[in-house]
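Descriptive analysis of the structure
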Amino acid sequence: MKKKKLISGLAILAMSSLLLVACKSDDQKEAEKTDATQETVAKDKEESKEEAKEMTQVAGGELKDGTYTLEEKNYSNDYRTVFSIVVKDGKITESNYDNVNEAGESKVKNKEYDDMMKDKSGTGPSEFIPALNEALVDKQNAGDVEVVTGATHSTDSFKNYAQQLIQAAQAGNTDKIEIDNGADLKDGTYTLEEKNYSNDYRVVFSIVVKDGKIAESNYDNVNEAGESKADNKEYDDMMKDKAGTGPSEFIPAFNKGLVDKGAPAEMDAVTGATHSFHTFQMYAEQLINAAEKGNTDKIEVDNIVMAEK
């Protein structure tokens, strides 16, 4: 009898462990990367060590007043993203990013999940969702929103969607953006280009999807002559001295990583190239959203460029 009870108890314990693994969410996965992310960010201060300077916008389309909305179509781990920004007098005055379940309830209100996330990664939706909204209103630029430690995946998703809403606001297009998240990728070539040069370079990026998989990733930074930053030996050597890597190394690493992993969120950051990596991720996510819909129209990003006054 005691032996039967022992076997039953072990079986229940094994099943519970399997259920816990099966229910692992995107945010729980990112919690496992928290320590590595903290270490990478700490080592990457070379990219942003310059003292704070008064900056002014020198390029990038002005935002047109209105309310701009984006929604995910499909639920993932019982939640989907709903997101809107309000632009007034050319500035983002409200950012309303959230994750909601089928009942329309915010993930912020899920105390059990929130407490579990705080225990595992040091933050939960009740903290990082308001923090991301505040950061966008403060920075006015998706690319300048800093990663929330312990919520890397959510930050990357937020930045991608915020960038798409900013592009809509620049065009004055208040049509709701619908993201068919998780849909199969449609075969084709998907292209994105920045319009404006920043420090003499702009991003050009394309992915090729074949048999529903990313078969090629062609991300680069080019100057007005169309020359790659990877070929600028003087800059490359300077970056290697300062940060331990340069575009001749990290640009091919980004492209290989996307093809190998198939999803930007699964890639590991390249130490010394954090800012470039998050830009790559943000644009890669947008290209994947296009591939989910099969929309091969070129995405032109009227990227905001700041310069010292």
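Here we summarise the structure given alongside this text. Quick caveat, the model's predicted, so the values are computed rather than measured. (Residues numbered from 1 in each chain as written. Predicted model: local features only at pLDDT ≥ 70, side-chain atom pairs only at ≥ 80, totals over all residues. Heavy atoms only, no water.)

Some points on the sheet that holds strand E7 (residues 202-210)
Here four strands make up an open sheet; going across it, the order is E8-E7-E6-E9 and the pairing mixed. The two strands at the open ends of the sheet, each matched to only one other strand, are strand E8 (213-222) and strand E9 (299-301). For this sheet, the mean inter-axis angle between neighbouring strands, taken without regard to orientation, is 10°. Direction of pairing for strand E6 (residues 188-194) relative to E7: antiparallel, over a ladder of six bridges. Paired with Thr-189 across the bridge in E7 is Val-208. Here helix H8 (residues 247-261) sits on the sheet and contacts E7 and E8; the angle it forms with E8, its principal contact strand, is near 160°. (Pairing = 2+ DSSP bridges. Helix = DSSP H or I, 4+ residues; strand = E, 2+ residues; numbered from the N terminus. Axes fitted to C-alpha atoms, helices over the stretch in contact; angles between N-to-C directions. Contact = heavy atoms within 4.5 Å.)

Here we look at the sheet that holds strand E4 (residues 91-100)
The strand order E4-E3-E2-E5 describes an open sheet built from four strands, whose pairing is mixed. Looking at the sheet topology across the chains shown, the edges are occupied by E4 and strand E5 (177-179). Across the sheet, the mean angle separating the axes of adjacent strands is 10° when strand polarity is ignored. In terms of strand pairing, strand E2 (residues 66-72) meets strand E3 (residues 80-88) through six bridges, oriented antiparallel.

Overview of the pairing of E6
In the sheet, E6 pairs with E9 via three bridges, with the strands oriented parallel. What sits directly across from Leu-192, in E9, is Ile-299.

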